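Close look at the chain arrangement
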Amino acid sequence: MPNMSLKKVPMPEQDSKIRTKNFSEVALGYTEEQAVEEALRCLQCKHKPCVKGCPVNVPIPEFIKEIAAGEFKKAYEIIVRENRLPAICGRVCPQESQCEGNCVRGIKGEPVGIGRLERFAADYYMKNVKNDVKEVEKNGKRVAVVGAGPAGLTCAGELAKMGYEVTIFEALHTPGGVLMYGIPEFRLPKALVEREIENIRKLGVKIETNVLVGRSITIDELFEEGYQAVFIGSGAGLPKFMGIEGENLNGVYAANEFLTRSNLMKAYDFPNSPTPIKVGKNVAVIGGGNVAMDAARTAKRLGAENVYIVYRRSEEEMPARLEEIHHAKEEGIQMKLLTNPVRILGKEGWVTGMECIEMELGEPDASGRRRPVPKAGSEFILPVETVIIAIGQTPNPLIRQTTEGLDTHSWGGIIVKEETMETSKENVYAGGDVVTGAATVILAMGAGKKAAKAIHERLNK
Ligand SMILES: Cc1cc2nc3c(=O)[nH]c(=O)nc-3n(C[C@H](O)[C@H](O)[C@H](O)COP(=O)(O)OP(=O)(O)OC[C@H]3O[C@@H](n4cnc5c(N)ncnc54)[C@H](O)[C@@H]3O)c2cc1C
Ligand code: SF4
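Residues numbered from 1 in each chain as written. Chains lettered and ligands numbered in written order. Predicted model: local features only at pLDDT ≥ 70, side-chain atom pairs only at ≥ 80, totals over all residues. Heavy atoms only, no water.

1. Concerning the overall build of the protein chain
Helix and strand content of the protein chain: 18 helices and 16 strands. Here the C-alpha atoms of the protein chain give a radius of gyration of 23 Å, agreeing with the 23 Å that 2.2 N^0.38 yields for 461 residues. Each principal axis of the C-alpha atoms in the protein chain carries an extent, and together these give about 65 × 60 × 50 Å. Looking at the protein chain residue by residue over its 461 residues, the buried ones come to 55%. Summing over all exposed atoms, the protein chain offers an accessible surface of approximately 20,600 Å²; the carbon and sulfur share of this is 51%. Looking at charge distribution, the protein chain has the averaged site of its 60 positive side-chain charges lying 3 Å from that of its 61 negative ones. (Helix = DSSP H or I, 4+ residues; strand = E, 2+ residues; numbered from the N terminus. Rg over C-alpha atoms; globule rule 2.2 N^0.38 Å. Buried < 20%, exposed > 50% of the residue type's maximum accessible area, 1.4 Å probe, protein only. Areas by Shrake-Rupley, 256 points an atom, 1.4 Å probe, with all protein chains shown as cover. Lys, Arg positive; Asp, Glu negative; His and termini not counted. Charge placed at Lys NZ, Arg CZ, Asp CG, Glu CD.)

2. Some thoughts on the site of ligand 2
Looking at ligand 2, the residues that line it are C42, L43, C45, P49, C50, P61, C103, V104, R105 and I114. When each cavity is represented as a set of grid points, ligand 2 is found to reside in the second largest cavity. Along the lines of polarity and charge, the residues of the shell around ligand 2 split into nine nonpolar, no polar and one charged. (Near = heavy atom within 4 Å. 1 Å grid on protein atoms, 1.4 Å probe; cavity = no way out; pocket = protein on both sides within 12 Å on 5 of 7 lines; lining within 4 Å. Sits in = over half its atoms within 2 Å of the grid points. Nonpolar A, V, L, I, M, F, W, Y, C, P; charged D, E, K, R; others polar.)

3. Section: a positive patch on the surface
Judged by side-chain charge, K130, K134, R195 and K202 come together as a positively charged surface patch. Its place among the elements puts K130 in the loop between helix 8 (114-128) and strand 1 (142-146). Residue classification places K130 among the exposed positions, given a relative accessible area of 73%. (Patch = residues over 30% accessible without salt bridge, like charges linked within 9 Å, V, L, I, M, F, W, Y side chains within 5 Å. Salt bridge = Lys/Arg side-chain N within 4 Å of Asp/Glu carboxyl O.)

4. What about the nonpolar core?
As a rule of thumb, nonpolar side chains are buried together in soluble globular proteins. Counting 78 residues, the largest nonpolar core has I60, F63, I64, I67, I88, L117 and I455 as the members making the most contacts within it. For this core, the domains that each give at least three residues are domain 1 (16-128) and domain 2 (142-237 + 395-460). F258, M293, A304 and A328 belong to the second largest nonpolar core, which has 23 residues in total. (Core = buried A, V, L, I, M, F, W, Y, C linked by side-chain atoms within 4.5 Å. Domains from an automatic or database assignment.)

5. Overview of the packing of aromatic side chains
Taken as a whole, this structure holds eight aromatic pairs when the rule is applied. On the numbers, 4.2 Å between centres and 15° between planes, the contact of F23 with Y268 is stacked. Highlighted residues: F23 in the loop between helix 1 (16-19) and helix 2 (32-39) and Y268 in the loop between helix 13 (255-264) and strand 7 (282-286), separated in sequence by 245 residues. Here F23 falls in the buried class, since its relative accessible area comes to 11%. Ring centres 3.8 Å apart and planes at 15° place the aromatic pair Y76 and Y125 in the stacked group. Of this pair, Y76 sits in helix 5 (residues 72-80) while Y125 sits in helix 8, placing them 49 residues apart in sequence. Here Y76 falls in the buried class, since its relative accessible area comes to 9%. Aromatic rings pair up to connect F23, F186 and Y268 into one cluster. Over the ring of Y227 we find R142; its NZ or CZ atom is 4.2 Å from the centre of that ring. (Phe/Tyr/Trp six-rings, centres within 6.5 Å; stacked < 30°, edge-to-face > 60°. Lys NZ or Arg CZ within 6 Å of the ring centre and 35° of its normal.)

6. Points about unusual backbone geometry
In this structure, the amide linkage connecting F270 to the following residue, P271, adopts the cis form with an omega of 5°. Residue placement: P271 occurs in the loop between helix 13 and strand 7. Its identity is not glycine, yet K266 carries a phi of approximately 55°, on the positive side. Counting through the fold element by element, K266 comes out in the loop between helix 13 and strand 7. On the basis of relative accessible area, K266 is assigned to the partly exposed category, the value being 31%. Positive phi is not limited to glycine here, since L338 has a value of about 50°. Tracing the backbone through its elements, the reader meets L338 in the loop between strand 9 (334-336) and strand 10 (339-347).

7. So, the site of ligand 1
Neighbouring residues of ligand 1: 35 residues in total, closest V92, E170, R187, V213 and D433. V213 is positioned such that a nitrogen or oxygen atom in its backbone is 2.9 Å from a nitrogen atom of ligand 1. In this structure, an oxygen atom belonging to ligand 1 sits 3.3 Å away from a main-chain N or O atom of T440. Contact with the protein chains removes 94% of the 1,000 Å² of surface that ligand 1 exposes when unbound. At the level of secondary structure, the elements contributing two or more residues to the shell around ligand 1 comprise helix 9 (150-161), helix 14 (290-301) and helix 18 (441-459). In the shell around ligand 1, the residues fall into 20 nonpolar, 11 polar and four charged. For the shell around ligand 1, the two domains that each supply at least three residues are domain 2 (142-237 + 395-460) and domain 3 (241-389). (Polar contact = N/O pair within 3.5 Å; in protein donor to acceptor, adjacent residues only side chain to side chain.)

8. Examining the sheet that holds strand 7
Read across the sheet, five strands follow the order 6-14-7-8-9 without closing on themselves; strand pairing throughout is parallel. A single partner strand is all that each edge strand has here, and the edge strands are strand 6 (252-254) and strand 9. Shown here is a sheet whose adjacent strand axes are inclined to one another by a mean of 25°, direction ignored. Bridge count for strand 7 against strand 14 (residues 386-389) is four bridges, and the pairing is parallel. The partner of A284 across the bridge, within strand 14, is V387. Most of the contacts of helix 13 go to strand 6, to which it runs at about 85°, and overall it touches strand 6 and strand 14. (Pairing = 2+ DSSP bridges. Axes fitted to C-alpha atoms, helices over the stretch in contact; angles between N-to-C directions. Contact = heavy atoms within 4.5 Å.)

Below, the structure is given as structure tokens:
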């Protein structure tokens, strides 16, 4: 009998007053009983609209059926047929606009908690089942992957499963890309990301860290070394700045730097960890996406008293996930909406405040969102000692500058054929944020998977 409750089984989470004092995960995950109860809300629809909403087509009703029957290991095995990083996707995918956005139970109530169930199955497997990933027999062909983010890891994993000898070259000292340096511990525990990466290593994938492709070695040199194809999954890690007065003052960070210090270098544990981080009592975070929410919630945990999100449109237009906005508000993050920074003020080289102007919404722009227009004479000063800029990122120019024959858009993204992820350069493929600009983990994974298939077809012609 299906469970006809209109609401999802709530997921236990840390109390908002306690969690702002630590970096542990906020959402605690379902118990076995809760997972079964939620799984029983799925109607096992024949036409599976939820699957169409998933960029990697996880067989959703199939795995949920196994959870409802208490067959948790089987559920996991069904998911990993299509998705190599389920513990991560279950936590960070914007399900509301993908699988859950298509779920029929969402028409008259809340959709089935597909993300929560995916997470449950992955966590259950990690905790209870001895990992039996086996190396497959090699086919003697070598592929190089640039970047160990979700796009590169997925492409590498898929190719290794088909017998290729795959080496990932990663610029940082730790693989994972944004999963390690961007998304904070309280949303995505790093030990878990490490375990998922370990599973990909067990497939036979080699990961060489501290290799900056374009400096340490070029794409052409990779071919000279015997690699027969290259996949570029180098992401969009170059921060955009506002270009306003005062941006070089001490106390101004790009969100990228702020989050890398805190997540990758564990500055929240300073001095046990050698990297410092400085946060004032009052912090302004400029932007309205996931990156802004993560930076604001991190600043709060680092001891800031007042943390403001300064966003030039209204809450409706915020690109951040609903759950993250909700969590940020619960944690006391203050929303300064329809507000735009004009300049950053300082004294003796340090930030003392930020001059802002109020905005109102005008006609829709090219993106379909209503364009914010400044309200004359509404300037005011927000007293802050720290400003974190989170208004977007673009691909780093290094690879395009050092690779002849690689066509890119004017904004820096690599141009690919949509069906195969092939670039303009022979046997070079690309996918993830380096192609789309800042997007999502699952889209990066989907691109990695598609490229792996195309590389396999090409090398077997
Ligand atoms: C703070 C933050 C929060 C986010 N929250 C979410 C979320 O909740 N849900 C969601 O779906 N998405 C979220 N995203 C977006 C998501 O993380 C990205 O879309 C995704 O990680 C892109 O994957 P990728 O593999 O293309 O690139 P990346 O994850 O950026 O990985 C690229 C890797 O390539 C390496 N690299 C770059 N250049 C070179 C080079 N020249 N040589 C060698 N290595 C190189 C980088 O060091 C990096 O490890 C968030 C992003 C950020 C920054
Ligand atoms: S749409 Fe919803 S109810 Fe239908 S199969 Fe998918 S998850 Fe189950």
